[in-house]
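Residues per chain are reported as follows:
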Amino acid sequence: MIQVSKLLPQGQGLAPVLLKRATTVKLDWDVRQKSRFAATDSAGRELGIFLPRGTLVRGGDVLVAEDGSMVRVIAAPQPVLVITHCKNHGTPFDLTRAAYHLGNRHVPIELQPDHLKIEPDHVLADMLRAMHLIVTEQNLAFEPEGGAYAAGHGGGHNHGGHDHHHGHGHGHSHDHGHSHDHSHAAAPATATAAPARGRTVSIPVISHGHVHGPDCNHDH
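Now for a quick tour of the structure. (Residues numbered from 1 in each chain as written. Predicted model: local features only at pLDDT ≥ 70, side-chain atom pairs only at ≥ 80, totals over all residues. Heavy atoms only, no water.)

### Section: the environment of Ser-5
The criterion, for reference: For helices the rule is a DSSP run of H or I covering at least 4 residues; for strands it is a run of E covering at least 2, with both sets numbered from the N terminus onward. Working definition: with a 1.4 Å probe on protein chains only, accessible area under 20% of the residue-type maximum means buried, over 50% means exposed, and in between means partly exposed. Residue contacts follow a heavy-atom distance rule, with two residues in contact if any of their heavy atoms lie within 4.5 Å.
Considering the arrangement of structural elements, one finds Ser-5 in strand β1 (residues 2-8). Since its relative accessible area comes to 46%, Ser-5 is described here as partly exposed. Separated by 43 residues in sequence, Ser-5 and Gly-48 have C-alpha atoms that sit 8.5 Å apart. Not counting residues up to four positions away in its chain, the partners in contact with Ser-5 are Phe-50, Leu-51 and Val-64.

This is the structure:
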């Protein structure tokens, strides 16, 4: 077994010709979130991976073996739930609400501009559909967020050092122009007060009462 104890995030600093020569290894998220595991690369070599604890291995990372050889990691497709907003009755902001409620449950989430991904869970799928989001089962690579303070690199997004004041120009008035009744005005008057630091604020999932069109595919 060949020991691997070094990881280069996204093959940083390596020439394309070296990446092309590297063998590959396909790993799903269950394995890639571990810092110690065994794997077999595309050349049939048995690898023993021993990385610093807390390291997350992402698709596109390069493992460096003790003999100097390199192995490029491929995020293996796996069952996931893909969550999108209803284009007929909702807005992309619905995904922000979904991410908030999933985060409260400490669910690993892959965040994308137009969708979310989570691992299969029928209870969470029912909750999301009750929020009038569209949930579909697919077989895709899964790269959840690693957390702002997670060890190693997180998210696999390669931010490249921008200032994180993204200014996407969404212009959120949080009014969203909904023609159906989301009952947002029903929030209690005390909701305008800033919560004390460390205080847990419970936000209920409100069932939105709108009428679904034929393309909603909410599948309640």
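That covers the picture; the talk isn't over yet.
### Some details on the pattern of salt bridges
What counts is decided by this rule: What counts as a salt bridge is simple: a side-chain nitrogen of Lys or Arg found within 4 Å of a carboxyl oxygen of Asp or Glu.
Considering all chains together, one arrives at 6 salt bridges under this definition. Of the charged contacts in the structure, one is a salt bridge between Arg-32 and Glu-143, with a shortest N-O distance of 3.1 Å. Taken as a pair, Arg-32 in helix α2 (residues 29-32) and Glu-143 in the segment after β10 (133-140) lie far apart in primary sequence, 111 residues in all. Residue classification places Arg-32 among the buried positions, given a relative accessible area of 0%. Residue Glu-143 is classed as buried on the basis of its relative accessible area of 13%. The residue Arg-45 makes a salt bridge to Asp-41 at a minimum N-O spacing of 2.8 Å. Given the relative accessible area of 5%, Asp-41 is considered buried.

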